[in-house]
Amino acid sequence: MTRGRATWIAAAVATVVYLLALRNGWAGDDLVAISDNPATHSFSAALGAWFEVYWPGEWRWAGLYRPFTILTYGLDWSIANGAPWWFHLVNVALHAAATALLVRVVLAWLPAIGALVTGLVFAVHPVHVEAVANVVGRAELLVAVWLLLAVLGARRYRQAESAGARRWWLAATVAAVALALWSKEHGVIAIAVIAVDHALEPRRSRDSATGLYLAVAALTVAWLFLWRGIAGGLVGGGMHAAFFGLSSYGRVMTMLPVYLEVVRLLAWPFALASDYAPQVIQVRESLTLVGTLGLLTTVAVLAVGALSVRRAPVVAFGILVAVLSYAPTANLLVVSGVVLAERNLYLAVIAPAVIAGWGAARVWDGPRRRAAAVACAGVVLLFAYRTVDRIPLWSDALTLLVEEQAAHPENFHIRVLLSEYVAARGDSAWALGELLVAGALFPADPWAAVLASRQALAQGRPTLALQEAERAYGRYRRDARIVEVLTDALIATGQPDSALAVAAAGARDLLGSEMVLAAYRRALAAGAGASWEATLVDATRDWSAGRVVSAAARLDSLERALPAAVELGACARLAATVLVVRALRPPLAAALEALAACDLPPTGR
Amino acid sequence: MTRVLTRGHGPAIVGLVVFTVALWAQTGAMVGVFYDDGIYVALAKALAEGRGFVSLHLPEAPPAVHYPPLYPMVLAALWRLWPQFPANVVLFQLVDAAALGAAAWIIAHHARRTAVPPLARYLALTIGVTAFPVLTLVGVRFSEPLFLALLAGAVCVADGEEVGPGKAVATGVLAGLATLTRSIGIAAIVGIPVALWLRGRRRAAGVALGVALLVAAPWWLWLAAHGDSVNPLLATNYGTYAQYAGQAGLAGLLAGLDFTSLQPFVRLLVPALPTPIWLAVTVVLLAVVVVGAVTVARRVPALLLVLVPYVGLVTLWPFTPDRFMWILLPWMALFATAGSLRAWRWNWWGRVPVGVLAVVLALGFGWRQIVSVKDRQFAVTANRTSRPFALLTAGVRTGTPETAIVASDGEALVHLYTGRTTVPLFLFRLNGRQMLGFGADTTAQYLCEQGVSHVAVSWLGGEALPLLDAFKASGDSVLVPLFTVADGPALYRFRCPQ
């Protein structure tokens, strides 16, 4: 077995095992990110969106920035006119490339047979299906390809004899890191991955690689700044529902069993899920037995990584890269938008793959060679079977949702997604049913309740709408969508005074929210509220939207027709609108406070 | 760490640290809160949109003859890359931070020629480049970071061991580009050839001078062609520097010999102390800097011979923003370190003043630096100025027609964020070193000539109140308030007084 042959065989297996994916269409996030996203519908549109966040429209809050991935979608669309098979073909090619590159990387430590087994396990590992057979998984594939290329480039840089060659490899490595960063946020681990490889390389280079590290560090810092600048306050805005309302301690306690699940997925990838939301993952606020097991497993994995630095550096490499690649979504220090996603384990699969490759290499030259070959072939075949079996799950959106719902009926989030899917196709009754079940499965999530309430209102079921809205409001008050839906539900059930109180409190808590102010105005209209109060709300809406001249004109009219008295309870409601009056007409603010017989709290501007 | 520094990566590490700090120092303030930054970006917009080097925000977009074109050209290239303002400001911020990091790298690389030990010089330079006034500068869109990088590059090449024709061309190009970034870069066009000449590199001196003049010449030709195209009432902010100096007169220039331009340095470094002590400390500080400069003079002659005319120009120039001096902080820190180390070797009479100076600097600059960095005070002014402008521009955008011509105290800012044609509300001229307003009548006449329809001020106070009161006194309908915010901005409809 030669090094080249090992590389080609692994890449070929990676290609063949995923050929079925070419029959898949758009599924899951493909619809939002690609098929319905104008930015991906031509190369020039994708290029024009280079400085745009990854998710379009209302999904912008997720705060991701992956312009190179978008560019590849745009290129694909231009080539194949939007035909999904071409997108899938590119994904398969990228998976094959990543597999081949992994083989090249581990050949530094392993003989060809060990590298081949590593490549084969990586190629057919069932956890990869989500990343490879679903087009939006491309970000994982791209970042893996560029990171592995960066590792190989950094090696060549360290080994280069001439200054010219060093400069070339420096530029090549930095370019690979840049493309990794622009492919997916996980590119930030590039410097650490290069350092791990450097520390574990069999023949330590004499020359320092400080220049390379400085260049990669500068690039990473620049990219982080750009990311934050483009995604703005959106970064980190996509907290997963499982963490909603949880303390940092509770989050860690929830995640500890997840770490155990991650290790299980890498070692025994037969029970899989496309969505790990409650109750597939259970929210825990204290240390449980399974949490303790998760903690012990995590410590054990790290210990194996540390202990194998000298004895089996390739194993240490695999484990450390797996830990590094999982770290950004580990929810330990920062909260991410996912609790667990199989696509995020794409690079982490390097760990079981190199362990298998290292084990195979150890026994290959011994008396148990045949047994080792049979064991390896068995694992690869089993994994390949599970992979091929799972690929059709991603054939289209409905198949994915329905089959996942059947496989994981305890998953509340799949039901929310299914409700959105069927609602968009006009089956509102089915949608409401799914949302109610979702709420029953995971009552802690207020957003499913908001959707259910809206759906119930649309279907003329105000009592149910109010019940769901109150559940959301009980969970969280400082969100415009919740205030709006509760206000509307109260109006619909004939309680305009309560609606007014809720909307005014919301307007006070969420100063300047157009959605809440609109709800406030509806509440006033429903209860035939005082005209002075409506004028104030309209002025506040103008003020919040920057229509300052219009706001000033409204206050002028109010100043001319100041009410003789205001009713009881107006004081609390005035707090929502006092900012605009204080800013534009301080005497009017004083007059209203006097009429309402209250001192309103100071407001910042 | 010391090993890494001495093995040649020290300058790159300094550059990376400064780059990172400069990125951290960026603010969310609007572009134009410090006036000049808005003009730079408005010029960049004009270039990016193919309108030429003109003041796009002014009526009839006259040619720009006040601010040199290189920094706006850099911003214009970025604008072309990402034409969505203000979202694209993040790119401007990134490039400014990179320029400051590059400047720090080059200065640190150049400082290797001095005999100052690596750790001391890199520490001093890092402190100098990340001093809070510099962080304020890099946090808004000023040309100083780019200018500093080009100036440092020019002197670094000129101070090199072998200055052949290639390096002479390189230093000339860099000096010329520095002059295209800030007019005061002419100090490099003068100082570098002199330094090369004194080192006996006469041909290189000639080449460097010729190339620098060649690079800067288009800008001077542009000034010669368009210098008179600016309304004389706007000469202070939009005219050429020759017009500016002409307003000040010889007396205005010579009055600078009281060295008030150096005061910001001393105020920055030395805490408030009783006058005799303060003076004594100041003298010691200047003496240490001078000793340091003399100590390193033989190794970095071009640097010294550029800084002398630079400080001379700043001293004589009738209006000197402090920021002209802040960018010298890294070199001042280097000189102070070299001087302190030299004096330390002189026995007790050198060590005592250096020790006292170290304590005073720690209590003065050190404490202010810590507080400024801890609370991000270096960004307070920009952020505070930004708030009323945010409201004002929203009001102008939604409350005036697109054809409106708006007179404002931040005309470039208002133009950038609203797209309206704008003019300055306050008109000044120099008299000696004093700024004098033109008065309400002249201002009103200018606004009428320009067809101003609205007046927008970010703050109803200061210079605005007497001017607006005078407008109101000239007729009931001259200024009709559209909105006025208590202690904040105001927007008026303007009609010419009859």
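Residues numbered from 1 in each chain as written. Chains lettered and ligands numbered in written order. Predicted model: local features only at pLDDT ≥ 70, side-chain atom pairs only at ≥ 80, totals over all residues.

(A) Highlighting the overall build of chain A. In terms of helices and strands, chain A carries 29 helices and zero strands. For the C-alpha atoms alone, the extent of chain A along its principal axes is close to 100 × 55 × 50 Å. With 605 residues in all, chain A has 53% of them scored as buried. In chain A, the proportion of contacts linking residues at least 24 apart, taken out of those at least 6 apart, comes to 72%. (Helix = DSSP H or I, 4+ residues; strand = E, 2+ residues; numbered from the N terminus. Buried ≥ 20, exposed ≤ 12 C-beta atoms within 10 Å, placed from the backbone. Contact = placed C-beta atoms within 7 Å.)

(B) Up close: the overall build of chain B. The number of helices and strands found in chain B is 22 helices and seven strands. Dimensions of chain B along its principal axes, counting C-alpha atoms only, are 75 × 50 × 45 Å. Residue pairs at least 24 apart in sequence account for 74% of intrachain contacts in chain B once pairs closer than 6 positions are excluded.

(C) Inspection of the interface of chain A and chain B at higher detail. With 21 residues of chain A at the contact, the number on the chain B side is 24 residues. Elements that contribute at least two residues to the side of chain A that touches chain B include exactly α11 (210-231), α26 (548-560) and α28 (578-584) of chain A. Looking at the side of chain A that touches chain B element by element, the count peaks at eleven residues for α11 of chain A. Tallied by class, residues from the side of chain A that touches chain B come to 15 nonpolar, five polar and one charged. (Nonpolar A, V, L, I, M, F, W, Y, C, P; charged D, E, K, R; others polar.)

(D) Examining the sheet that holds strand β2 (residues 421-424) of chain B more closely. Residues and elements named next belong to chain B. Pairing within the open sheet is mixed, and its five strands lie in the order β2-β1-β5-β7-β6. One side of each edge strand has no neighbouring strand; the edge strands of this open sheet are β2 and β6 (479-484). On average, each strand axis in the sheet is tilted by 25 degrees relative to the strand beside it, whichever way the strands run. In this sheet, strand β7 (residues 490-494) lies alongside strand β5 (residues 454-457) in antiparallel orientation, the contact comprising four bridges. The residue bridging H454 from the neighbouring strand is R493, located in β7. (Pairing = 2+ DSSP bridges. Axes fitted to C-alpha atoms, helices over the stretch in contact; angles between N-to-C directions.)

(E) Inspection of the packing of helix α18 (residues 412-424) of chain A against helix α20 (residues 446-458) of chain A at higher detail. All names here are of chain A. Two numbers describe how α18 lies on α20: the axes approach to 11 Å, and their chain directions differ by 30 degrees. Here α18 is positioned roughly parallel relative to α20, judged by the angle of their axes. Seen from above, α18 lies across α20 with left-handed handedness. Along the contact surface, α18 presents F412, V416, S419 and A423, while α20 presents A448, L451 and Q455. Residues that form the contact of α18 with α20 fall into these classes: five nonpolar, two polar and no charged. (Parallel < 35°, antiparallel > 145°, perpendicular 65-115°, else oblique. Left-handed = near helix turned anticlockwise from the far one by under 90°.)

(F) Summary view of the confidence of the model for chain B. Looking at chain B as a whole, its pLDDT mean stands at 92, while 99% of the residues score no less than 70. Reported for the predicted complex are a pTM of 0.93 and an ipTM of 0.93. (pLDDT = per-residue confidence, 0-100.)

(G) Main features of unusual backbone geometry. Backbone torsion omega between P278 of chain A and Q279 of chain A reads 5 degrees, so that peptide bond is classified as cis. With an omega dihedral of 5 degrees, the bond running from F85 of chain B to P86 of chain B counts as a cis peptide bond. Within the secondary structure layout, P86 of chain B lies in the loop between α3 (70-81) and α4 (89-111). Phi angles above zero are rare outside glycine, and A61 of chain B is one such case at about 40 degrees. Residue position: A61 of chain B is located in the loop between α2 (36-48) and α3. Despite not being glycine, R376 of chain B has its phi angle at roughly 55 degrees, a positive value. Looking at the secondary structure, you find R376 of chain B in the loop between α18 (348-375) and α19 (380-399). C-beta crowding within 10 Å serves as the criterion here: with 15 such atoms nearby, R376 of chain B is assigned to the partly exposed category.

(H) Molecular detail of the packing of helix α4 (residues 67-80) of chain A against helix α8 (residues 138-159) of chain A. All names here are of chain A. Their axes nearest at 10 Å, the elements α4 and α8 cross at an angle of 115 degrees. In terms of orientation, α4 lies roughly perpendicular with respect to α8. Between α4 and α8 the crossing geometry is right-handed. Contact residues: α4 offers F68, T69 and T72, while α8 offers R138, A139 and L142.

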